[in-house]
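# Structural overview for review
The lines below spell out each chain.
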Amino acid sequence: MSNQGSNERFWENFHGPNMGYIEEQYEQYENDPSAVDPSLKELFDEHGAPDWLGAGSTTQANGSAAPSQGDIAKITSAYKLVEAIRRHGHLQADIYAVGSYEREPTNLLDLETYGLTEQDLENMPAEWVWPNAPVKLENALQVVRTLKEKYAGTISFEYGHVNNEEERAWLQNKVDTGSFQVSMTDEEKKQLLRRLAQVEGFENFLAKTFVAQKRFSIEGLDIMVPMLDHMIQSASSDSIKHIMMGMAHRGRLNVLAHVLGKPYDRIFSEFHHSPDKELIPSEGSTGINYGWTGDVKYHFGARRDIENGEQTATQVTLSHNPSHLEYVNPVVEGFTRAAQDDRTKAGYAEMNRDEAFGVLIHGDAAFIGEGVVAETLNMSDLPGYRTGGTVHIIANNLVGFTTNRKNGRSTRYASDLAKGFEIPVLHVNADDPIACLSAMSLAYEYRKKFHKDFLVDLVGYRRFGHNEMDEPRATQPRLYSEIDDHPTVAALFAEQLKKESVVGENALEELKDEIESDMREIYNNMSEHETPAPDVKDRPSGVESTLDEVETAVDIDRLRTLNEDMLKRPEGFNGFKKLEKILQRRSKMLDDGGQVDWATAEALAFATILEDGQPIRITGQDTERGTFAHRHMVLHDVETGDTYCPLHGIEQANASFDIHNSPLSEAGVIGFEYGYSVQAPEALVLWEAQFGDFANAGQVIFDQFVSAGRAKWGEKSNMVFLLPHGYEGQGPEHSSARLERFLQMGAEHNWTVANVTSSAQYFHLLRRQAAISNKEEARPLVLMTPKSLLRNQRVAVPGKEFSEGNFQPILKQPGLTAETDKERKKVKTLLLGSGKMMVEIEDAVEKADQSFDTINALRIEQIYPFPEKHFAEILEMYPNVEELVWVQEEPQNMGTWYYVEGILHKMLSENQIHRYVGRPHRASPSVGEPNIHKTEQNRIIREALQMSKGGNSNEGN
């Protein structure tokens, strides 16, 4: 029988210097047993060699035994385990209040996976696997248990994907030391319990008072309100001026009531069939002006001023948000950047990252499912779009409407998208209030230090169906069986505080009764003053303005000076010679006999607006150069690569000029720029599509925000959309900006839609748009901009057209203009159209060898609002007109025809008809074969110039 075990236990009694002495004596014993002391000889005879000398062991200089090969393998394994806990602790973390049965199993944190036992870890000094641990630990087993508490408790972390070493080390230190964790006094814990009771009580009151009405309750994620409170308190202490928030429906009413301070009675009135109009303030700290049509209660935003003494330290803004929930993300980022930018000086706007920051609250299914989320995250560190870090919260209720996780995403977590952008992710159990507040503390600290995004995955549940009218037990029976038996977070926290002797036995019930009583009293008082029928709001008078009186002409000498300034270059700047030669041609465009082209007209418009003290921001794909190589507002030094913007060289400029190439994004960028324009109403904000139809990818922003934001919410924007449009045989995706869609949405003067044919018209339109900024007349401008016409001399005009007059909604067509009464009486056909088609008809008339005495033509430069009064006045000048012919290059079911058809019909006199000339109805915007395009285009021009009458037919098409 072996006595090895007893020998090992015997040698455990020797430590430090004694081990070195024993080892030295044993070496002598091996050479000559009689050379050592008889007592030692007896010891070695009985117990053999010291066990630390086995397996090739050696002795360290301090007399302790150096680890054997086997020991080293175990140390390595222990270190791997420790790192696995840090990296993969979230896989076993207690982050699920309910539904943890769906967690995928993992063995990455099991000792057996690494060939370790608890005994192995107990025998290993703590410092071997966790040097400089923040607490005194005896061995590696204590290290493992301590780190599991930190990384696999009710809060867990993912930051291994963060490649910046400083950030990763900072995060590890925060978690290892626990220094981010919130410590609360007993009084603070009582306040937190009261807050949770308020959140729960509000939802209970709504449920009982407004039975079966949609409210998208917060229940199951109640702690989100205190989390936002904590964030706002931190920001206010740091004197951050703005917190820009965006969120979906889940919990929105509760956030409005308790974070934004929207009065209970106002929220109650919005549930009632006839809101009390006396409760709706025109403006104030608890609201943002609503438009004239209104919206459902869970779409509205609000604004609140957080006071710090007598000063307003922080303004919190919750953006209005339609049901396309995640599309508010880029809008909020635009708000934030606009609040950070100082636009009062020439050059690029100066950004102060600590003036404002954004908080975005996402749904778990939507965060991973909606592409606009990725577009927004991609902008987070781009020069033209960064906002110095956004705090993201996923309001994770485990279900997307009725869709389970396995059908809603291909990733383990809803938050996994963020890891591709190196955003740290923290998962926290919504049933642990103090852990949740600690999560917000870490998020705020990280944003403050590194000015980068941080994501908190708040894992809770949804106590009821998606909108309280759904029955979730039909689609998630197992989950809701668990939820039905699960106590609320207020109840759980109250029990914890009872055990800590912080509150008494009935503390929560007393709070609930008090809160219920207060709300009932507010509701009863409100109901007494209910009005039977609310008045329909009128549109602001400025909205009705036609803008005809806006003066936009600029003195010619002023234009020449500004033009010269834009042609100057910094000393030592080495421009691209070929390009500089082209740009220098602009120097003579304003001279007598010169013609100002489109690009120069734009530059002059911008220069004059800057000189007037109004900031400009223009972005888009390839906007610095221009998709069609026409703009060149950012020049590149051919030797150094440095850049220079000619508009920054204007000595008289009194405001910033921002120009940025955007990422390859439409919805995200359009939303960002829209948000910027709302928050910075004094600025002229422009977005340019690479091709006009690229705006398709941002259709939700146009539908929900740009076209209807003012009517629904009173959200005022003066943004300009430059959409290249025109049929040049380049195929379906490079021809049409889908003009018809903007016209279909045109109503209540919600925007201006134009398709102009001269550089001066563009100049005056831009200046008119700048002139109405920050006024009641403000509205977006949707402009069909040219492609081939950019360099067409028929679009270029003399300088006097810039120094005289203003924008003309209708222009007389060159070459088909009857000037005298006698000539006008001959006109039988009045040809109408807009954009490139009319320029091509002008060209065809000039080249034709026939007379067109009976045809005259008008260019409708502003299509919406249609200039009916002006058109009627012109129509009266042609007493013998028999037909109005609308000509366009777009198919009949696209373009302008279906919009103008009804208007023209209404204006016809007896015996007059109107008809269409253009392409037939088509599914695709244009053909893909250039030769077919050219044949069709020629046919349209020939047919438009004929005098034949006919109904609204497509004969011959």
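Everything below is about the structure shown above.
Described below are features of the structure shown in this document. The model shown is predicted, which means the values in this text are computed figures rather than measured ones. (Residues numbered from 1 in each chain as written. Predicted model: local features only at pLDDT ≥ 70, side-chain atom pairs only at ≥ 80, totals over all residues. Heavy atoms only, no water.)

## Concerning the overall build of the protein
Within the protein one finds 34 helices and 24 strands. By principal-axis analysis of the C-alpha atoms, the protein measures approximately 140 × 75 × 60 Å. Counting across all 957 residues of the protein, residues that qualify as buried make up 57%. For the protein, long-range pairs separated by at least 24 residues make up 79% of all intrachain contacts whose partners lie at least 6 apart in sequence. If you sum the accessible surface of the protein, you get close to 39,800 Å²; carbon and sulfur atoms cover 46% of it. Of note, the protein has its 97 positive side-chain charges centred 7 Å away from the centre of its 147 negative side-chain charges. (Helix = DSSP H or I, 4+ residues; strand = E, 2+ residues; numbered from the N terminus. Buried < 20%, exposed > 50% of the residue type's maximum accessible area, 1.4 Å probe, protein only. Contact = heavy atoms within 4.5 Å. Areas by Shrake-Rupley, 256 points an atom, 1.4 Å probe, with all protein chains shown as cover. Lys, Arg positive; Asp, Glu negative; His and termini not counted. Charge placed at Lys NZ, Arg CZ, Asp CG, Glu CD.)

## Here we look at the pattern of salt bridges
For the structure on display, the rule yields 59 salt bridges. E270 is the salt-bridge partner of R266, the closest N and O atoms lying 3.9 Å from each other. Here R266 pairs with E270, and both are found in helix α11 (residues 264-271), just four residues apart, close to one helical turn. For the pair formed by R266 and E270, the shared burial category is buried. (Salt bridge = Lys/Arg side-chain N within 4 Å of Asp/Glu carboxyl O.)

## Points about the sheet that holds strand β14 (residues 657-661)
If you trace the seven strands from one edge of the open sheet to the other, you get β14-β11-β15-β16-β18-β17-β22, paired in mixed fashion. Every other strand in the sheet has two partners, leaving β14 and β22 (862-864) as the edge strands with one partner each. Ignoring which end each strand starts from, the neighbouring axes of this sheet average 20° apart. The pairing of strand β16 (residues 720-724) with strand β18 (residues 781-785) spans five bridges and is parallel. (Pairing = 2+ DSSP bridges. Axes fitted to C-alpha atoms, helices over the stretch in contact; angles between N-to-C directions.)

## A word on the side chain of H764
By secondary structure assignment, the location of H764 is in helix α28 (residues 759-771). What makes H764 buried here is its relative accessible area of 2%. Each residue touching H764, except ones within four places of it in the same chain, is listed here: T552, A553, E801, F802, E804, G805, N806 and F807.

## Some thoughts on the side chain of H914
Mapping H914 onto the fold places it in strand β24 (residues 913-919). With relative accessibility at 13%, the residue H914 sits in the buried group. Discounting chain neighbours no more than four positions away, the residues touching H914 are L884, W897, E901, L904, H905 and L908.

## Let's talk about empty space enclosed by the protein
Inspection of every chain in the model, using the stated rule, returns 10 cavities of 30 Å³ or more. The space that makes up the largest cavity amounts to roughly 250 Å³. Taken together, 21 residues line the largest cavity, and the ones lying closest to its centre are Y96, E102, L398, R405 and R409. Looking at the lining of the largest cavity residue by residue, the class counts come to nine nonpolar, four polar and eight charged. Taken as a whole, the second largest cavity spans an internal volume of roughly 130 Å³. In terms of lining residues, the second largest cavity is bounded by 13 residues, among which M566, R586, A603, H632 and P646 are the most central. Grouping the amino acids of the lining of the second largest cavity by side-chain chemistry returns seven nonpolar, three polar and three charged. (1 Å grid on protein atoms, 1.4 Å probe; cavity = no way out; pocket = protein on both sides within 12 Å on 5 of 7 lines; lining within 4 Å. Points joined across faces, edges and corners; volume = space filled by probe spheres on them. Nonpolar A, V, L, I, M, F, W, Y, C, P; charged D, E, K, R; others polar.)

## Remarks on the packing of aromatic side chains
Counted according to the given criterion, the structure contains 32 aromatic pairs. Summarising the aromatic geometry, the rings of F210 and F271 are spaced 4.7 Å apart at their centres and angled 15° between planes, so their arrangement reads as stacked. Here F271 lies in helix α11 and F210 lies in the loop between α8 (186-209) and α9 (224-237), a separation of 61 residues in the sequence. Measuring from ring centre to ring centre gives 4.2 Å for W598 and Y762, while their planes differ by 10°; the resulting arrangement is stacked. One end of the pair, W598, is in helix α23 (residues 598-611); the other, Y762, is in helix α28, and 164 residues separate them in sequence. Like W598, the residue Y762 is buried in the burial classification. These aromatic residues form a ring-pair network of at least three members: F202, F205, F210, Y264, F268, F271 and Y523. Positioned above the aromatic ring of Y385 is the side chain of R617, whose terminal nitrogen or guanidinium carbon lies 5.4 Å from the ring centre. A cation sits over an aromatic face here: R617 above Y676, 4.8 Å from the ring centre. (Phe/Tyr/Trp six-rings, centres within 6.5 Å; stacked < 30°, edge-to-face > 60°. Lys NZ or Arg CZ within 6 Å of the ring centre and 35° of its normal.)

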